[in-house]
Structure formats: structure tokens, C-alpha cells
Amino acid sequence: MAQELDVVELYNDLHKTPELGFQEFKTSAYIAQKLKEMGYEVTTGVGKTGVVAVEKGGEKGPCVMIRADMDALPFKINGEDKVIHACGHDSHCAMLLAIASRLKGKIKRGTLKLLFQPGEETLKGALSVIEDGVLDDVDIALGLHIRPSSDIPDGTVAATLMHSASIFVRIDVEGLASHASRPHLGVNCAEMLAAIVQNAGLLKFAPTLTWSMKCTKIEVGGAAVNVIPDKGYCMYDVRAETNPLMKDMLEKLERSAQSTAAAFGGKATMKLLGDVIPACEYDDELVKEMSDCIAETLGADKLRATSIGGGEDFHFFKIKKPSLRTAYIGVGTGATPGLHHPDMHMNPASLINGVKVMVAFALKYLG
Ligand SMILES: [Zn+2]
Ligand SMILES: [Zn+2]
């Protein structure tokens, strides 16, 4: 048994050292120290700055991993660079440490694995810890994130947090330069890009699912206005409720851009800027169990069915290990004015709800 740590005290400590993704040196040192004091087997430097703690029970059972992210966000305020915990990842680490202190000595079956993941905001942290083999023995992966007051009320917990798939796309176009008085001798990339954006807007996708696909940047032409431009590009921000829908959207966007450019006698090349951030693919049974666990632990009035999130690199876990069962809760902490806002603040007293739910849930499998 370890002494039960106070989640608000942990949060106050961690809140003082906001660090950017893959630079969470002080944060990971603090976390590793606390975990060692509790008597956990601790590995540091996982996926560069991540920390993993493990506790095995005497009997056979599943390996349940609970994951918290560690990094803060960069801001420029009055011309000054600042790093701020505006997404609440300090509170996630505080919850996971408080969870760790309550589970120590209570694991009878299987394995408890606690992952403090670096670089979530860079969307490269999950992939980086996966490369270091963190998932190899894991059967169930659980995540948690605080929710703003605009999503769910302070003091409630959502049984599942819906994240969509997202990606940035760049489409480069090639035409042919000519004098603007001889447009028939050129292939105009400004017109080509305009047509690409217009045709992409006519693409059709499953109306039962939510999605958005919009051009967010166009650059074409040089200083001279009397030249038919021969090069340019546009960028898209694409989001989809499911991973198959994202695949469909990207295939259609590429085909539409290529055929539109070809109709002008030009060429369009589409590339993805990084990996597609996957949409959530939760295990229905686990989500149901989580929902029951919230109602049992906190009372049915504190249970919310779902909350909506943006992108989350947690979902690379399921993509990279399809046999994995995942669930993810949203902890209502009255965060305001909203996540990723430099003035984001919340009610840390509500973090204990996330702690209680995760402890109760983990003990169902490992206790
Ligand atoms: Zn964030
Ligand atoms: Zn976040």
C-alpha cells in the first residue's frame, strides 16, 4: 500500500513547470520520483521523455494501461514566448499519479501499466512510445482528458470522448507560364486552383457521418500580375468522424484535384502533411462498463454519455495494435474559457472524480 496522494497538490506542483512536447524533463523527473517513492518499477526515457510504471499481480490476468499526456502548449503573448498548460495535461498527470498511489499494493491479477506520454500536442508522442514497445503486452488502454464547462458540467464524467480523424493536405499544381496577353499559350495555375477548390466542394460523403473539408490556404503567382502563373499550391484541413470516411474523403479529393488539373492541361500532386490522426475506435463493451462504473462510483447524476473532443494521438494505439481494447473518459472540471486558450483555468477539486472512476475501473480487471 502507498499513501494516497492528493490530486490537487499534485496538480499545483505540475502546473508550475509547463514544458513543450518532448522537452518534459522536469515533469518526467517529478513523476518518476513520485512513482519510485510509491514503490513502482519505473522506466524513464520512453519515447524520449515518457515515463512508464508497472505493477504485476500474482495471478494471471490482462495488462491494463492507463495513459496521461504531459506536454504544454506554446503561445506568443505581448511578443513574448510562453509555455502554458492550456490543455490540462498537468491535471492528467496529477490524476494518474493519484490513481497510482491508490492502486499500489492492490493489483492481484494481470499487470497495471501507467503511461505518462510525451508530446501529445505534437501528435507524435503516441507513435514515439509505441516505437519503444510500450504496447507490446497491453490488452486494454484507457485514456482521460479534462472537459471544458461548455462540453459537460463541472463535476460530471463522460463515459466516452469522441475524437475525429484529422489531417492537413497540400495540393501542388503545375501549369505553364506565358505572357498574360497570350493566355492560350499558358496553363494558368490560379484558375486551376480555383477550379480544384470549387470541384472539391461538390464531392459527396455519407450524410449520416460528420465531416469537414475546407481549403485553408492558397498561394499562386509571383510579383508580376501580367504573367500566367505556372506553379502554386493549396492546403486543406480535413476532418472525419470515422477512419473509413477519412480514407474515402482523401481518395476523392486527390482524384478530383488530379482530374481537374488534367482538364486544364496541368498537373496536381497531393500529399499528406504527416500521419492521419485516427478517429476513436472504442470497444463498445468497455465503454458500457465504464459508463456503469461512473454511475456506481459517483452516482448516476454525474454520468454523461459522451463529450466531443478534437484530435487525439491516443488513437494511434488502436491503429498500431488492432487487437487492443480502448476506452477514454472525459472529466468535467469546469475548464473555461476553453481548452487551448492561454487563460484556461479550471476547478482542480473535480479531478478526484477521474481518479475515483479509473481506480474502480482498473480494480474490476486487476483487483
Ligand atoms: Zn490539446
Ligand atoms: Zn489535450
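Residues numbered from 1 in each chain as written. Chains lettered and ligands numbered in written order. Predicted model: local features only at pLDDT ≥ 70, side-chain atom pairs only at ≥ 80, totals over all residues. Heavy atoms only, no water.

## Quick notes on the coordination of the zinc ion (ligand 1)
Moving on, step 1. Protein ligation of the zinc ion (ligand 1) involves Cys87 (SG), Glu121 (OE) and His340 (NE2), the donor distances falling in the range 2.0 to 2.3 Å.
Moving on, step 2. Donor residues binding the zinc ion (ligand 1) come from one chain and are separated in sequence as C-x33-E-x218-H.
Moving on, step 3. Here the zinc ion (ligand 1) and the zinc ion (ligand 2) are spaced 3.1 Å apart, with Cys87 acting as a shared donor. With Cys87 in the loop between strand 5 (80-84) and helix 3 (89-103) and Glu121 in the loop between strand 6 (109-117) and helix 4 (125-131), the pair connects residues that are 34 residues apart, well separated along the chain. (Donors = N, O, S within 2.8 Å, 3.2 Å for Na, K, Ca; no water. Helix = DSSP H or I, 4+ residues; strand = E, 2+ residues; numbered from the N terminus.)

## Quick look at unusual backbone geometry
Moving on, step 1. Residue Thr336 is joined to Pro337 through a cis peptide bond whose omega torsion reads 0 degrees.
Moving on, step 2. Turning to its location among the elements, Pro337 is positioned in the loop between strand 16 (325-335) and helix 9 (351-366).
Moving on, step 3. The residue Lys48 is not glycine, and still its phi comes out positive at about 85 degrees.
Moving on, step 4. When its relative accessible area of 56% is taken as the criterion, Lys48 is described as exposed.
Moving on, step 5. The backbone phi angle of Asn78 is positive, close to 50 degrees, even though this residue is not glycine. (Buried < 20%, exposed > 50% of the residue type's maximum accessible area, 1.4 Å probe, protein only.)

## Comments concerning the environment of Val357
Moving on, step 1. Structurally, Val357 is set in helix 9.
Moving on, step 2. The exposure class of Val357 is buried, given its relative accessible area of 0%.
Moving on, step 3. For the pair Val357 and Ser291, spaced 66 residues apart in sequence, the C-alpha to C-alpha distance is 9.7 Å.
Moving on, step 4. Setting aside its immediate chain neighbours within four residues, Val357 contacts Met290, Cys293, Ile294, Thr297, Leu298 and Ile329. (Contact = heavy atoms within 4.5 Å.)

## So, the coordination of the zinc ion (ligand 2)
Moving on, step 1. Within the first shell, the zinc ion (ligand 2) binds the protein through Cys87 (SG), His89 (NE2) and His145 (NE2), at distances of 2.1 to 2.3 Å.
Moving on, step 2. Each donor residue of the zinc ion (ligand 2) belongs to the same chain, and together they define the spacing C-x1-H-x55-H.

## A look at the sheet that holds strand 7 (residues 140-148)
Moving on, step 1. The 8 strands are arranged 1-2-6-3-7-16-8-15 in an open sheet whose pairing can be described as mixed. Each of the sheet's edge strands pairs with one partner strand only, and the pair in question is strand 1 (41-46) and strand 15 (303-308). Each neighbouring strand pair of the sheet contributes to a mean axis angle of 25 degrees, computed without reference to strand direction.
Moving on, step 2. Its contacts with the sheet place helix 3 against strand 3 (59-69), strand 6, strand 7 and strand 16, and it is angled at close to 155 degrees to strand 3.
Moving on, step 3. Packed on one face of the sheet, helix 7 (residues 284-298) meets strand 7, strand 8 (157-162), strand 15 and strand 16 and runs near 155 degrees to strand 8. (Pairing = 2+ DSSP bridges. Axes fitted to C-alpha atoms, helices over the stretch in contact; angles between N-to-C directions.)

## Some thoughts on the side chain of Thr156
Moving on, step 1. With respect to the secondary-structure elements, Thr156 resides in the loop between strand 7 and strand 8.
Moving on, step 2. With relative accessibility at 4%, the residue Thr156 sits in the buried group.
Moving on, step 3. A polar contact is formed between the side chain of Thr156 and the backbone oxygen of Pro153, at a distance of 2.6 Å. (Polar contact = N/O pair within 3.5 Å; in protein donor to acceptor, adjacent residues only side chain to side chain.)

## Some thoughts on the domain arrangement of the protein
Moving on, step 1. For the protein, the domain assignment lists domain 1 (7-163 + 280-366) and domain 2 (165-272).
Moving on, step 2. Placing a centre on the C-alpha atoms of domain 1 and another on those of domain 2 gives a separation of 39 Å. (Domains from an automatic or database assignment.)

## A look at helix 5 (residues 189-200)
Moving on, step 1. Over its 12 residues, helix 5 runs 16 Å from end to end, which matches the ideal 16 Å to within 8%, given 1.5 Å per residue.
Moving on, step 2. Among the residues of helix 5, Cys189, Met192, Leu193, Ala195, Ile196 and Ala200 are the ones counted as buried. One face of helix 5 carries all of its buried residues, which in axial projection span an arc of 165 degrees.
Moving on, step 3. On its buried face, helix 5 sits against strand 9 (165-174), strand 11 (211-220), strand 13 (231-240), helix 6 (243-264) and strand 14 (267-272). (Expected span 1.5 Å × (residues − 1). Arc of directions from axis to C-beta.)

## Section: the pattern of salt bridges
Moving on, step 1. Here the structure, examined in full by the defined rule, presents 21 salt bridges.
Moving on, step 2. With a shortest N-O distance of 3.2 Å, Lys247 and Glu251 are connected by a salt bridge. In this pair, Lys247 and Glu251 are both assigned in helix 6, 4 residues apart and thus about one turn of the helix distant.
Moving on, step 3. Using a relative accessible area of 39% as the deciding quantity, one classes Glu251 as partly exposed.
Moving on, step 4. With its nearest N and O atoms 3.2 Å apart, the salt bridge here joins Asp283 to Arg325. Of the two residues, Asp283 sits in the loop between strand 14 and helix 7 while Arg325 sits in strand 16, which places them 42 residues apart along the sequence.
Moving on, step 5. What emerges from the salt-bridge pattern is a single network uniting Arg67, Asp69, Glu312 and Asp313. (Salt bridge = Lys/Arg side-chain N within 4 Å of Asp/Glu carboxyl O.)

## Observations concerning the sheet that holds strand 14
Pairing between sheet strands relies on hydrogen bonds along the backbone, with the strands arranged either parallel or antiparallel.
Moving on, step 1. With antiparallel pairing, the 4 strands of this open sheet are ordered in space as 11-13-9-14. The open sheet has two edge strands, strand 11 and strand 14, and neither has a second partner. Each strand of the sheet is rotated relative to its neighbour by a mean of 20 degrees, with strand direction disregarded.
Moving on, step 2. Pairing between strand 9 and strand 14: 6 bridges, direction antiparallel. Counted as the bridge partner of Ile171 is Met270 from strand 14.

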